[in-house]
Amino acid sequence: MLTDFALAKSNPCGNNDMAYNNQKDDDLTDFSQIASQAAGSLNIVRADSSNLNIVRADVPSDDDNADGSLRPKMLDEFLGQKEIKENLSVFIQAARERREPLDHLFLIGPPGLGKTTLAEITAHELGADFKVTSAPALDKPKDLAGILSTISPGTVFFIDEIHRLKPAIEEMLYIAMEDFELDWVIGQGAAARTVRIPIPKFTLVGATTKAGMVSKPLQTRFGIIQRFNFYTHEELASIIKRSAAILNTKIDDDAALLMARSSRGTPRVANRVLRRMRDFAQFYGDGRITLKITEDGLKKLQIDSLGLEHYDREILLSIIKNFGGGPVGAETLAISIGEAQDTLEDYYEPYLIQCGLIQRTPRGRIVTAKAYEHLGLEYKASANNQPSLFE
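Residues numbered from 1 in each chain as written. Predicted model: local features only at pLDDT ≥ 70, side-chain atom pairs only at ≥ 80, totals over all residues. Heavy atoms only, no water.

Colleague: Whenever I open this one, helix α4 (residues 82-98) confuses me. Can you help?
Modeller: The periodicity of an α-helix, 3.6 residues per turn, causes residues three or four places apart in sequence to face the same way. Over its 17 residues, α4 extends 25 Å from the first C-alpha to the last, a length consistent with the 24 Å expected when each residue adds 1.5 Å. Listed in full, the buried residues belonging to α4 are Ile 84, Leu 88, Ile 92 and Ala 95. Seen along its axis, α4 keeps its buried residues to an arc of 65°; they face one direction. Facing away from the buried side of α4, by more than 90 degrees, are the exposed residues Lys 82, Glu 83, Val 90 and Glu 97. (Helix = DSSP H or I, 4+ residues; strand = E, 2+ residues; numbered from the N terminus. Expected span 1.5 Å × (residues − 1). Buried < 20%, exposed > 50% of the residue type's maximum accessible area, 1.4 Å probe, protein only. Arc of directions from axis to C-beta.)

Colleague: What should I look at first to understand helix α11 (residues 267-284) in this one?
Modeller: Taking 1.5 Å as the rise per residue, α11 with 18 residues should run 26 Å; its terminal C-alpha atoms sit 25 Å apart, in good agreement. Here α11 has its buried residues at Pro 267, Val 269, Ala 270, Asn 271, Arg 272, Val 273, Leu 274, Arg 275, Met 277, Phe 280 and Ala 281.

Colleague: What am I meant to see in the sheet that holds strand β7 (residues 224-227) here?
Modeller: Neighbouring strands of a sheet are bound in pairs by backbone hydrogen bonds; such pairs are parallel or else antiparallel. If you walk across this open sheet you meet the five strands as β2-β3-β6-β1-β7, and the pairing is parallel. Both outer strands of the open sheet, β2 (130-134) and β7, are each paired with one neighbouring strand and no more. Taken pair by pair, the neighbouring strands of this sheet meet at an average axis angle of 15°, ignoring direction. Across the sheet, α4 lies against β1 (105-108) and β7, angled at about 160° from β7, the strand it touches most. Sheet strands touched by helix α5 (residues 115-126): β1, β2, β3 (156-160) and β6 (203-208). Its angle to β3, the strand with the most contacts, is close to 175°. (Pairing = 2+ DSSP bridges. Axes fitted to C-alpha atoms, helices over the stretch in contact; angles between N-to-C directions. Contact = heavy atoms within 4.5 Å.)

Colleague: Explain the pairing of β7 here, please?
Modeller: Remember that side chains alternate between the two faces of the sheet whenever the strand is regular. Covered by surrounding structure in β7 are Ile 224 and Gln 226 only, the residues Ile 225 and Arg 227 on the alternate face being uncovered. Sheet topology note: the β1/β7 ladder contains four bridges and is parallel. Looking at the pairing, Leu 105 lines up with Ile 224 of β7.

Colleague: How should I be thinking about the packing of helix α6 (residues 141-148) against helix α7 (residues 167-179) in this particular structure?
Modeller: Angle between the axes and distance between the axes are the two parameters that describe a pair of packed helices. Relative to each other, α6 and α7 sit at 30°, their axes nearing to 8 Å. The angle between the axes of α6 and α7 places the two elements in the roughly parallel class. The segment α6 lies against α7, with Pro 141, Leu 144, Ala 145 and Leu 148 engaging Ala 168, Ile 169, Met 172, Leu 173 and Ala 176. Residue classes in the contact of α6 with α7 are distributed as nine nonpolar, no polar and no charged. (Parallel < 35°, antiparallel > 145°, perpendicular 65-115°, else oblique. Nonpolar A, V, L, I, M, F, W, Y, C, P; charged D, E, K, R; others polar.)

Colleague: Explanation requested: the packing of α11 against helix α12 (residues 291-300) in the structure shown.
Modeller: The interhelical angle for the contact between α11 and α12, taken along N-to-C directions, is 115°, at an axis separation of 9 Å. Between α11 and α12, the angle is such that the two are roughly perpendicular. The handedness of the crossing between α11 and α12 is right-handed. Counting all contacts with α11, which are made through Val 273, Met 277, Phe 280, Ala 281 and Tyr 284, the residues of α12 involved are Ile 293, Thr 294, Gly 297, Leu 298 and Lys 300. By residue class, the composition of the contact of α11 with α12 is seven nonpolar, two polar and one charged. (Left-handed = near helix turned anticlockwise from the far one by under 90°.)

Colleague: Even after reading the chapter, I still don't get the pattern of salt bridges, so can you show me in this structure?
Modeller: Working definition: two side chains of opposite charge can pair if their charged atoms are close together. Counted under the stated rule, the structure contains 17 salt bridges. Here Glu 100 and Arg 98 are joined by a salt bridge, their closest N and O atoms 3.1 Å apart. Close ionic contact of Arg 288 with Asp 252 constitutes a salt bridge, the shortest N to O distance being 2.8 Å. Remark: Asp 252 occurs in the loop between α9 (233-246) and α10 (253-261) and Arg 288 occurs in the loop between α11 and α12; sequence separation between them is 36 residues. (Salt bridge = Lys/Arg side-chain N within 4 Å of Asp/Glu carboxyl O.)

Colleague: Sorry, what's going on with the nonpolar core here?
Modeller: General note: in soluble globular proteins, nonpolar side chains tend to be found buried as a group. Of all hydrophobic cores here, the largest spans 48 residues; its most connected members are Leu 118, Ile 240, Ile 251, Met 259, Leu 274 and Ile 289. The element contributing the most residues to this core is α11, with seven residues. With residues up to four places along the chain from it excluded, the contact list for Ile 251 reads Ile 240, Lys 241, Ala 244, Ala 256, Met 259, Leu 274, Arg 288 and Ile 289. Ala 135, Leu 182, Phe 202 and Leu 218 belong to the second largest nonpolar core, which has 32 residues in total. (Core = buried A, V, L, I, M, F, W, Y, C linked by side-chain atoms within 4.5 Å.)

Here it is in structure tokens:
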């Protein structure tokens, strides 16, 4: 079909550009081959999950992939994010009544809060096909062209980590989002031409954990922008009890609430903790997850009541013992705990700041009195960790 379309738009002046036409046929044949190869090659690129900490929501584990049954399929099964659900329900219903694809959707938020799940729910609610990929998997423009040329009308196309798109692919995506066409260059040198190839109308769902790294031209092409917030303890407890029911595991309410408090406000972490507590309950008890089983299990996993794990406490103790409570720079702190600076700043620090355990100042990181109390240490205010007159 693509070849026929291109031939219909070949040189209208007759035979005086035969060489160009022959080259164009070859190029479009290549394009068709690219499309057929890409039809079944959509995969999400996942980082190596060996030696993964349970509370590391930024890197999916094998358990997350294997237990897809815990993902809700429809909006009424999705717990939490009330405002997003209400707005998206209106937009989806309106699009269905008009028999149009949903406007392009941009989801922003930390890892593990349900962006991929909500994208899949959107496809189910619309009764549309769902295709998934991630920005790092799209290496060349032909990868994107192959995918978009094989989708069916109304398809929900999900791109994870969209802030990592390469510029050439992003430029191709602009036209696809606005005009539902692909710009394809055929020929070489002076004979090079651009052919616009129509594609079915679709809904692009882009997800990112770093909205500031997404270019403004790309952001403005999304008609619906939604930001995810961390979940409350009550919302996470409800998610844990729902997941336990799916896993045919009995759980006490107080145990679910303790797990919720230890899950960093993130459903992905909550489900991981639940699966590990199920293992402890099966090994040490009768299979029922009780408060005692949960307390003992979290202790064995070195996860405390705030959801802090070993490295979180190492960060706090390093600042206190090695740097007198702070201030200390991110690079120095990362070296002292043997962790990459990016991981420290992107993953560990935000949660510690949200918990009120450290402060980020122009001079560096400072541990708060609450951190001393949580670690069972005596707080001694010093001149080093007092803010200066000019901060």
